[in-house]
Amino acid sequence: MIPIAKPQLDDAEILAVSDVLRSGIIAEGQRVAEFEQAFAEYTGTEHAVAVNSGTAALHAALLAHGIGKGDEVITSSFSFIATANSILFTGAKPVFSDIKADTFNLDPQLIEEKITPATKAIMPVHLYGQPADMDLMTNIAEDHGLILIEDACQAHGAKYNGKKVGSFGTGAFSFYPTKNMTTSEGGIITTNNREVADKARMIRSHGSKQRYLHEMLGYNLRMTDIAAAIGLIQLRKLPEYTARRQHNAKLLTENLKDIEGIQCPTVGEGCEHVFHQYTILTTNRDALADHLRNEGIGTGIYYPIPIHKQPYYMELGYNDNLPVTEKASMEVLSLPVHPGVTDEDIATISNVIKNWSGSKC
Ligand SMILES: *Cc1c(COP(=O)(O)O)cnc(C)c1O
């Protein structure tokens, strides 16, 4: 079986975790501080605030920017539910805007028509590891005085015009095991805004800077030193993992690009794609996924139901017409691209798809 995702862990992580366990300091401590500094340096931001999930990173980032009841945040419906749920949890309203058919990221041309007097922020998602159009996003945010929050949960190290995602606005990353790097569960907020970083630190720990003095409403969103110790090792390996993902993606595209009925991923101008997912488009999606599974190849559909079509959002009255999002949700199929996938695996995947497609003609 070639799985769709596989965390890359070896003796280095095991040793780092045992060191923490032996130290007796197992909640938030020195390892978290080191991890924050290393991640901020990697992303090119002044501050990083580690939390216990990507969802927590998004939620705390929004709260740290003062977003709440009565505010609207423009985002993508073609994402993991956490993107929109984090907005709902602040009391604000997610407003969905459609995506571009080639990159699956928010279409900058459509954003301005969604802006109302209540709009407070734009939250682009760097889907599958590909940066959104950050020049245009930054311009729109500046022109309308909006906050820019990047859902970079799938895009560790991705660059737009040479600049890493998570450094354009306030970034939120996830370290869930399937992501480009992991801490088991975990997340981090990146920002150049000191006030936002300070506020996020307070929100992560019951609104307190000083123990048992609570200046605002917060929660327990803290990362453990056990998780941070894994993160420090993973961050060191990330460039190698990314290179491997990009290598696998290149081979897949070389092998699949001429197959009729299959559209390979498009990399946008100025984008360095880190291939959290390698996602093709095909109208025969479900049949191909079944066939691949029968041949021992794992696939993923991210995401089969857009957020605005989820039962809970329908109940809230969401009734958007987002044709590009809806079409993508029926045709996307992700193939294994993670660093554990070998050249031989790529050949197997490619041949299975070629033969299947040949048998259809
Ligand atoms: C994974 C992910 C999240 C949430 O991260 P968790 O660590 O699972 O909470 C949010 N947004 C996107 C786009 C993601 O892929």
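Residues numbered from 1 in each chain as written. Predicted model: local features only at pLDDT ≥ 70, side-chain atom pairs only at ≥ 80, totals over all residues. Heavy atoms only, no water.

Novice: Mind showing me how you'd approach the pairing of strand E12 (residues 332-335) here?
Specialist: Looking along a regular strand, one sees the side chains alternate between the two faces of the sheet. The alternating pattern of E12 places Val-332 and Ser-334 and Leu-333 and Leu-335 on opposite faces, both of which are buried. Bridge count for strand E11 (residues 278-281) against E12 is 4 bridges, and the pairing is antiparallel. Within E12, the residue paired with Thr-279 across the bridge is Ser-334. (Buried < 20%, exposed > 50% of the residue type's maximum accessible area, 1.4 Å probe, protein only. Helix = DSSP H or I, 4+ residues; strand = E, 2+ residues; numbered from the N terminus. Pairing = 2+ DSSP bridges.)

Novice: So what exactly am I meant to see when it comes to the pattern of salt bridges here?
Specialist: Opposite charge on two side chains permits them to pair, given that their charged atoms come into close proximity. In this structure the tally under the stated criterion is 15 salt bridges. Arg-31 is the salt-bridge partner of Glu-34, the closest N and O atoms lying 3.3 Å from each other. On the criterion of helical spacing, the pair formed by Glu-34 and Arg-31 is a turn pair, its members being 3 residues apart in helix H2 (residues 30-43). Taking the relative accessible area as the measure of exposure, Arg-31 reaches 28% and is therefore partly exposed. Note that Lys-120 is salt-bridged to Asp-71, the shortest N-O span being 3.5 Å. One end of the pair, Lys-120, is in strand E4 (residues 119-123); the other, Asp-71, is in the loop between helix H3 (54-64) and strand E2 (72-76), with 49 residues separating them in the sequence. Its relative accessible area of 29% is what places Lys-120 among the partly exposed residues. Judged by its relative accessible area of 13%, Asp-71 is buried. Within the structure, one salt-bridge network assembled from shared partners comprises Glu-28, Glu-36, Arg-201 and Arg-204. (Salt bridge = Lys/Arg side-chain N within 4 Å of Asp/Glu carboxyl O.)

Novice: Is there a simple way to explain the sheet that holds strand E5 (residues 147-151) in this structure?
Specialist: To summarise the sheet geometry, strands pair through backbone hydrogen bonds and adopt either a parallel or an antiparallel arrangement. The strand order E1-E9-E8-E5-E4-E2-E3 describes an open sheet built from 7 strands, whose pairing is mixed. Looking at which strands have only one partner, the edges of the open sheet turn out to be strand E1 (47-51) and strand E3 (93-97). Neighbour-to-neighbour, the strand axes of this sheet turn through a mean angle of 25°, independent of strand direction. Across 4 bridges, the pairing between E2 and E4 is parallel. The partner of Val-73 across the bridge, within E4, is Ala-121. Sitting on the sheet, H2 touches E1, strand E8 (170-174) and strand E9 (187-191), and the angle it makes with E1 is about 130°. (Axes fitted to C-alpha atoms, helices over the stretch in contact; angles between N-to-C directions. Contact = heavy atoms within 4.5 Å.)

Novice: Just to check I follow, could you spell out helix H4 (residues 82-90) for this structure?
Specialist: Turn by turn, an α-helix covers 3.6 residues, leaving residues three or four places apart pointing in a common direction. Turning to H4, its buried residues are Ala-82, Thr-83, Ala-84, Ser-86, Ile-87 and Thr-90. Once H4 finishes, Gly-91 follows within two positions and takes phi at roughly 95°, a positive value.

Novice: For this particular structure, what's the right way to read empty space enclosed by the protein?
Specialist: Empty space among the atoms can be located by rolling a probe the size of a water molecule over them. As enumerated under the stated definition, the model contains 3 cavities of 30 Å³ or more in all. For the largest cavity, the lining is made up of 15 residues, of which Lys-6, Pro-7, Gln-8, Lys-179 and Arg-245 are closest to its centre. In terms of residue class, the lining of the largest cavity is built from 6 nonpolar, 6 polar and 3 charged. Two domains each donate at least three residues to the lining of the largest cavity, and these are domain 1 (11-97 + 104-233) and domain 2 (239-360). As a volume, the second largest cavity reaches approximately 60 Å³. Asp-102, Thr-103, Phe-104, Leu-127, Tyr-128, Gln-130, Pro-265, Thr-266, His-273, Gln-277 and Thr-279 are the residues that line the second largest cavity. Split by residue class, the lining of the second largest cavity holds 4 nonpolar, 6 polar and 1 charged. Counting contributing residues per domain, the lining of the second largest cavity is built from domain 1 (11-97 + 104-233) and domain 2 (239-360), each supplying no fewer than three. (1 Å grid on protein atoms, 1.4 Å probe; cavity = no way out; pocket = protein on both sides within 12 Å on 5 of 7 lines; lining within 4 Å. Points joined across faces, edges and corners; volume = space filled by probe spheres on them. Nonpolar A, V, L, I, M, F, W, Y, C, P; charged D, E, K, R; others polar. Domains from an automatic or database assignment.)

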